[in-house]
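Tertiary structure, described
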Amino acid sequence: GGGMAGILTAYYLQKAGLRTVLLEAARVGSGQTGRTTAKITVQHGPIYSTLLRSFGAKAAGQYASIQRRAIEAFAELIGEEGIACDFQRLPAYLYTADPAGVTALRQEAEAAARAGIDAVFTKETALPLPVKGAVRFADQAQFHPLRFLEAVASSLTVYENTRVQKVKGGLLHTNGGSVRAQYVVFACHYPFLNLPGYYFMRMHQSRGYVLALEGASQLDGVYLGVDREGFSFRNSGERLLLGGGNHRTGENSAGGKYEELRKKAAALWPQSREIACWSAQDCMTMDGLPYIGPYSPSEPSWYVATGFAKWGMTNSMAAAILLRDQITGRENPDGDIFSPQRFTPGASAKTFLEDGMHAVRDLSRRIFSPPKALLEELPPGHGGVVEYDGEKVGVYKNEEGELFMVSVKCPHLGCQLEWNPDEKSWDCPCHGSRFDYTGRLLDNPAQSSLSPV
Ligand code: FES
């Protein structure tokens, strides 16, 4: 895949002397890497207190060490290759505006410090919000991900518009021919093969929304709120990126996520002006840690990098370094915590039950729940699952009244798709595949578009 993880992995393997070929279904950077807010931080939400509680001090220290090394690797690579990508060092903050959230942030500051990170609790921030507490992580970074990616990709052999359709051992079949490889790395966001590996049973996807504003503040760092209604902030030159509205992919039938952000922008910076909006999604594992390493015991030459849980920059770099080390036989003991074959029942139990419940509900809904509306009742500019000719179909009616009718059966494993009015897309609640209103495939693990009706 031609996103951050794939490009960096190919780059480091090539640098280690291997001959690499990168296959990308669309264009380099056209997936989630082109939509990230590109914070390069060891601060990944309140993760260190969670790691300490669920995995222990050693794992928290390993996670911190991998992420710190990833930031330094970005700085080194950008320096060595002379990449102009607006790389900038600055602090990263977690904040709460809720007095009840202060204790958890104090614990996070302590846990992060214990893991070896320069992190302190503070009440001083540059946010125009009534912040009750924050954790400041010193010396983090941000950059322009696509400028960086383009420069790194320019030294690689990349085939764009080349979708891998089947993989058998070291033979990859694509729409444009076949490739034989000694090693195969699946760095394609969500692995599209169901077996082996069973990644579809171990991950769902979560979607988030971003506005780019002109005329908002210049902040002193990057920010992330830990409250239910927490927001993400970072500057990009004169502009400010405001993020939020996270939800499980396939669960936004009411819409309004961009409106929430617009309301917040108007309240914080009434003089600001929106110049762009977009959304992205990421893979969430059951225990919250990425899967980086051997794909499955039954395919010893396959590797995987996925499940970055919204922290795709440092985790992509971590994946590239760990996979290079594993493939070239270098020692890297810290990588154990990301092993895709790990067994962490304690840390995984809650998500395992939730994901299982979703799969059962969303598979059975397609068969048992009747649509709520008839086709004629759908107003222009809206989409939904409706009854048409005694059948359940997905329909989008544009402002001119033109109809786009598709099957609502997800081609991945058959769950019922849900309409996302914010993106005018059909989204799958089971594993996060997405399709535009004409049925064209947008996001994997599905490999094909929707059947038109
Ligand atoms: Fe798996 Fe839809 S993404 S069933």
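In this text the structure is predicted, and so the values were computed from the model without any measurement.

Calculation notes
- Residues numbered from 1 in each chain as written.
- Predicted model: local features only at pLDDT ≥ 70, side-chain atom pairs only at ≥ 80, totals over all residues.
- Heavy atoms only, no water.
- Helix = DSSP H or I, 4+ residues; strand = E, 2+ residues; numbered from the N terminus.
- Buried < 20%, exposed > 50% of the residue type's maximum accessible area, 1.4 Å probe, protein only.
- Contact = heavy atoms within 4.5 Å.
- Axes fitted to C-alpha atoms, helices over the stretch in contact; angles between N-to-C directions.
- Left-handed = near helix turned anticlockwise from the far one by under 90°.
- Nonpolar A, V, L, I, M, F, W, Y, C, P; charged D, E, K, R; others polar.
- Pairing = 2+ DSSP bridges.
- Salt bridge = Lys/Arg side-chain N within 4 Å of Asp/Glu carboxyl O.

Overview of the side chain of Asn420
Secondary-structure assignment places Asn420 in strand S22 (residues 418-420). Asn420 gets classed as buried once you look at its relative accessible area, which sits at 1%. Once residues lying within four places of it in the same chain are set aside, the contact partners of Asn420 are Arg207, Tyr209, Asn252, Ser425 and Asp427.

Some points on unusual backbone geometry
That bond from Leu195 to Pro196 is cis: its omega, -5 degrees, falls within 30 degrees of zero. Checked against the element boundaries, Pro196 lands in the loop between strand S10 (184-186) and strand S11 (203-214). Following Asn444, the chain continues into Pro445 via a peptide bond in cis, with omega recorded as 25 degrees. Here Pro445 is to be found in the segment after strand S25 (441-443). Of note in this structure, Lys424 is not a glycine but carries a positive phi near 50 degrees. Mapped onto the fold, Lys424 is located in the loop between S22 and strand S23 (425-427). Judged by relative accessible area, Lys424 falls into the partly exposed class, the value being 32%.

A closer look at the packing of helix H1 (residues 4-15) against helix H7 (residues 312-328)
Between two packed helices, the angle of one axis relative to the other and the distance separating the axes together describe the packing. The N-to-C vectors of H1 and H7 enclose an angle of 35 degrees; their axes lie 8 Å apart at closest approach. The element H1 and its partner H7 pack so that their crossing is right-handed. Contacts between H1 and H7 involve Met4, Ala5, Leu8, Thr9, Tyr12 and Leu13 from the former and Met313, Ser316, Met317, Ala319, Ala320, Leu323, Arg324 and Ile327 from the latter. Taken together, the residues that form the contact of H1 with H7 break down as 11 nonpolar, two polar and one charged.

A short note on the sheet that holds S23
One open sheet accounts for four strands, arranged S22-S23-S24-S25; its pairing is antiparallel. Looking at the sheet topology across the chains shown, the edges are occupied by S22 and S25. Direction aside, the axes of adjacent strands within the sheet are offset by 35 degrees on average. Where S23 meets strand S24 (residues 434-436), three bridges bridge the pair, whose relative direction is antiparallel. The residue of S24 that forms the bridge with Asp427 is Arg434.

Here's the deal with the sheet that holds strand S8 (residues 171-174)
In space, the three strands of this open sheet follow the order S7-S8-S9, with antiparallel pairing throughout. Every interior strand has two partners, whereas the edge strands, strand S7 (164-168) and strand S9 (177-180), have only one. Strand-to-strand twist across the sheet, computed as the mean angle between neighbouring axes with direction ignored, equals 20 degrees. Note that S7 and S8 share four bridges and pair antiparallel. Among the inter-strand pairings, Lys166 is bridged to a residue of S8, identified as His173.

A look at the pattern of salt bridges
Two side chains bearing opposite charge may form a pair once their charged atoms approach each other closely. In total, this model carries 16 salt bridges according to the counting rule given. The salt bridge partner of Arg262 is Glu259, with a shortest N-O separation of 2.8 Å. Here Arg262 pairs with Glu259, and both are found in helix H6 (residues 257-268), just three residues apart, close to one helical turn. Of the residues examined, Arg262 reaches a relative accessible area of 27% and is grouped as partly exposed. Connected through shared salt-bridge partners, Glu72, Arg89 and Asp139 make up one network.

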